[in-house]
Amino acid sequence: MAAAFSSDSDSGRAESNEASSKWLDAHYDPMANIHTFSACLALADLHGDGEYKLVVGDLGPGGQQPHLKVLKGPAVLSESPLPALPAAAVTFLMEQHEPRTPALALASGPCVYVYKNLRPYFKFSLPQLPPNPLEQDLWNQAKEVSDVGDENKEDRIDPLTLKEMLEGIREKAEVPLSVQSLRFLQLELSEMEAFVNQHKSKSIKRQTVITTMTTLKKNLADEDAVSCLVLGTESKELLVLDPEAFTILAKVSVGPVFSLQMSLPSVPVFLEVSGQFDVEFRLAAACRNGNIYMLRRDSKRPKYCIELSAQPVGLVRVHKVLVVGSNQDSLHGFTHKGKRLWTVQMPAAILTMNLLEQCSRGLQAVMAGLANGEVRIYHDKALLNVIRTPDAVTSLCFGRYGREDNTLIMTTRGGGLIIKILKRTAVFAEGAGEAGPPPAQAVKLNVPRKTRLYVDQTLREREAGTAMHRAFQADLYLLRLRAARAYVQALESSLSPVSATAREPLKLHAVVQGLGPTFKLTLHLQNTSTARPILGLLVCFLYNEVLYALPQAFFKVPLLVPGLSYPLETFVESLSDKGISDIIKVLVLREGQSAPLLSAHINMPMSEGLAAA
């Protein structure tokens with residue numbers, strides 16, 4: 001393999017340092033003319049001969065002339081043009097029949113092109129979306145203009161008026177305009193009349209496009225099991241396609257018209273799926289609004305949401321951890337419930353990300369291509385390896401290529417192709433001190449030897465384990481009972497700082513400031529109801545008059561507006577010169593009632609001013 005991929009020019013090879021010596025430089029072609037990203041790279045045995053090929057959805061130089069390329073070794077095996085720019089390329093098994101050759105699915109524009117044995121097999125087109133009714137009415141009136149006579153000239157809509165009204169719809173309406181209207185808005189005034197006459201016999205069509213695509217196992221978790229296609233569209237939808245009939249099994253949308261309904265508030269750009277469609281699956285969708293939404297099979301809304309502080313540039317699932325790259329030059333690790341586990345800062349901007357899976361050693365890691373020409377490999381937050389390339393890498397793909405299991409394929413910003421092979425003796429080790437846990441964590445603790453008392457206690461617990469457990473459970477139930485009784489007593493006597501009645505939902509907390517002998521006491525009283533104000537409340541202070549003096553121990557509370565916290569301030573004078581402190585009770589009452597609504601006990605601090613004197 002290495003001999004077959006030998007480069008024709010040694011001067012163009014990537015420089016390798018001591019950390020990247022785990023790799024063999026198999027091939028480097030700076031003039032390969034491949035412009036793509038990681039989602040458009042796929043490795044598969046397309047002919048069932050054990051020879052894995054590289055599938056590339058090539059955007060072409062400058063985003064012009066997109067092509068589907070299939071590479072065998074360093075050479076292009078086949079090449080076919082595409083009608084639109086590719087969005088993603090995946091390989092999947094459609095059926096269980098022999099021979100078990102995978103199919104190739106390429107998302108381009110509003111269509112998914114499916115190939116078997118590198119021949120066109122099926123074309124799936126996204127269903128059309130309903131147009132804006134206001135836009136439809138305007139075009140119907142504009143089409144009638146050319147058919148009416150001069151006697152109805154006052155009822156016509158000229159092209160200039162049509163343009164102004166379409167611009168108003170584009171700015172205010174939630175439903176976007178169709179392609180026909182968008183093209184019309186770009187025309188000059190002299191070309192508008194001919195455009196309307198040309199499209200007067202055509203109906204308004206609003207077509208969405210595919211933004212991302214991945215695969216989901218249908219009913220088995222095996223590596224060679226049948227998989228479904230999962231599509232993300234520009235209309236904020238996720239579609240799950242049947243692998244045999246290519247019908248829509250499930251649709252995730254924001255509209256109220258579908259049977260399997262889940263909410264996706266923004267356009268998905270990255271997808272990560274785990275599980276099986278017929279059993280249970282989890283789906284993570286990174287969207288353009290900077291959030292990552294977690295969806296499950298039977299949930300109608302995202303179960304969890306990860307709010308990022310920047311736009312995501314990559315999403316990779318490593319075991320049960322979601323690794324997200326952001327445009328703030330950082331990698332973040334999250335659980336499926338949205339809890340942040342770790343963050344690693346990168347030395348440059350992240351251009352692309354992908355998964356590195358070494359099955360022989362059970363290793364899964366994240367590869368991140370940076371703008372400074374580095375490819376960094378991380379296992380969680382530990383840096384495993386750094387590969388330096390002569391140009392910035394824009395796409396990454398790791399897997400079996402040809403007959404080599406661990407092959408890394410990279411394309412560069414200038415259109416170059418780099419192929420490296422991982423040495424069979426290579427073992428990834430955590431970087432020294434750059435990331436990961438400190439070295440002191442690996443130091444073995446000096447655990448003392450087991451004493452006779454420890455052994456006797458262990459034997460006693462083993463023999464009397466049932467009795468000890470019953471005693472523990474009895475004490476636990478008694479503790480819960482006492483806590484419940486104390487809670488009920490606090491509610492009945494209004495000793496809680498939060499009101500227990502729904503009629504007067506109040507919340508109270510106090511703050512004491514100062515060193516003494518004069519303290520500032522601030523009560524924060526809040527009406528926690530949603531819409532009903534509260535009026536007619538009183539505040540009363542109960543305290544030891546030998547120790548403290550208050551200017552006003554009883555006053556009225558103003559009208560409490562819902563949701564606002566009202567600070568009520570007063571001053572407390574400490575009268576004792578012996579450094580004694582006591583409790584001041586605060587009661588909130590309603591006029592005409594003796595039972596308080598809620599209360600608070602304030603532990604007053606000792607007066608440091610008198611103590612110092």
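See the structure shown above.
Residues numbered from 1 in each chain as written. Predicted model: local features only at pLDDT ≥ 70, side-chain atom pairs only at ≥ 80, totals over all residues. Heavy atoms only, no water.

Description of the pairing of strand β18 (residues 312-318)
With 5 of 7 residues buried, β18 is to be regarded as a mostly interior element. Strand direction decides the pairing type here: β18 and strand β19 (residues 321-326), joined by 6 bridges, are antiparallel. Along β19, the bridge assignment pairs leucine 315 with valine 324. Hairpin connection, β18 to β19: the antiparallel pair is bridged by 2 residues, and histidine 319 has positive phi, about 55 degrees. (Buried < 20%, exposed > 50% of the residue type's maximum accessible area, 1.4 Å probe, protein only. Helix = DSSP H or I, 4+ residues; strand = E, 2+ residues; numbered from the N terminus. Pairing = 2+ DSSP bridges.)

What to know about the environment of serine 21
You can see serine 21 is positioned in the segment before β1 (23-29). Under the relative-accessibility criterion, serine 21 is labelled partly exposed at 39%. Note: C-alpha distance between serine 21 and leucine 422 (401 residues apart in sequence) is 9.2 Å.

Brief notes about a nonpolar patch on the surface
Together, Leu535, Leu559, Val561 and Leu564 make up an exposed nonpolar region whose accessible area comes to about 350 Å². A residue is classified by how much of its surface remains accessible, and leucine 559, at 42% relative accessible area, is partly exposed. (Patch = residues over 30% accessible without salt bridge, like charges linked within 9 Å, V, L, I, M, F, W, Y side chains within 5 Å. Areas by Shrake-Rupley, 256 points an atom, 1.4 Å probe, with all protein chains shown as cover. Salt bridge = Lys/Arg side-chain N within 4 Å of Asp/Glu carboxyl O.)

Some points on unusual backbone geometry
A positive phi angle, near 55 degrees, is found at histidine 319, a position not held by glycine. On the accessibility criterion, histidine 319 (45% relative accessible area) is partly exposed. Even without being a glycine, aspartate 329 presents a positive backbone phi close to 60 degrees. Residue placement: aspartate 329 occurs in the loop between β19 and β20 (330-334). Among the residues examined, aspartate 329 registers a relative accessible area of 25% and is labelled partly exposed.

Brief notes about the pattern of salt bridges
Per the counting criterion, the structure on display carries 15 salt bridges. Note that arginine 288 and glutamate 234 form a salt bridge whose closest N and O atoms lie 2.5 Å from each other. With arginine 288 in the loop between β15 (280-287) and β16 (291-296) and glutamate 234 in the loop between β11 (227-233) and β12 (238-241), the pair connects residues that are 54 residues apart, well separated along the chain. Linking aspartate 405 and arginine 400 is a salt bridge whose minimum nitrogen-to-oxygen distance equals 2.3 Å. Where salt bridges share partners, they join Glu374, Arg376 and Arg388 into one cluster.

Re the environment of glutamine 276
Along the polypeptide, glutamine 276 turns up in strand β14 (residues 268-276). When the C-alpha positions of glutamine 276 and cysteine 228 are compared, they lie 9.2 Å apart, and in sequence the two are 48 residues distant. Those residues in contact with glutamine 276 that sit more than four places away from it in its chain are Leu216, Lys217, Lys218, Asn219, Leu220, Ala221 and Phe281. (Contact = heavy atoms within 4.5 Å.)

Focus: the side chain of threonine 36
On the secondary structure map, threonine 36 appears in the loop between β1 and β2 (41-44). Other than its neighbours up to four places away in sequence, threonine 36 contacts Leu41, Val56, Gly57, Leu59, Thr394, Ser395 and Thr411.

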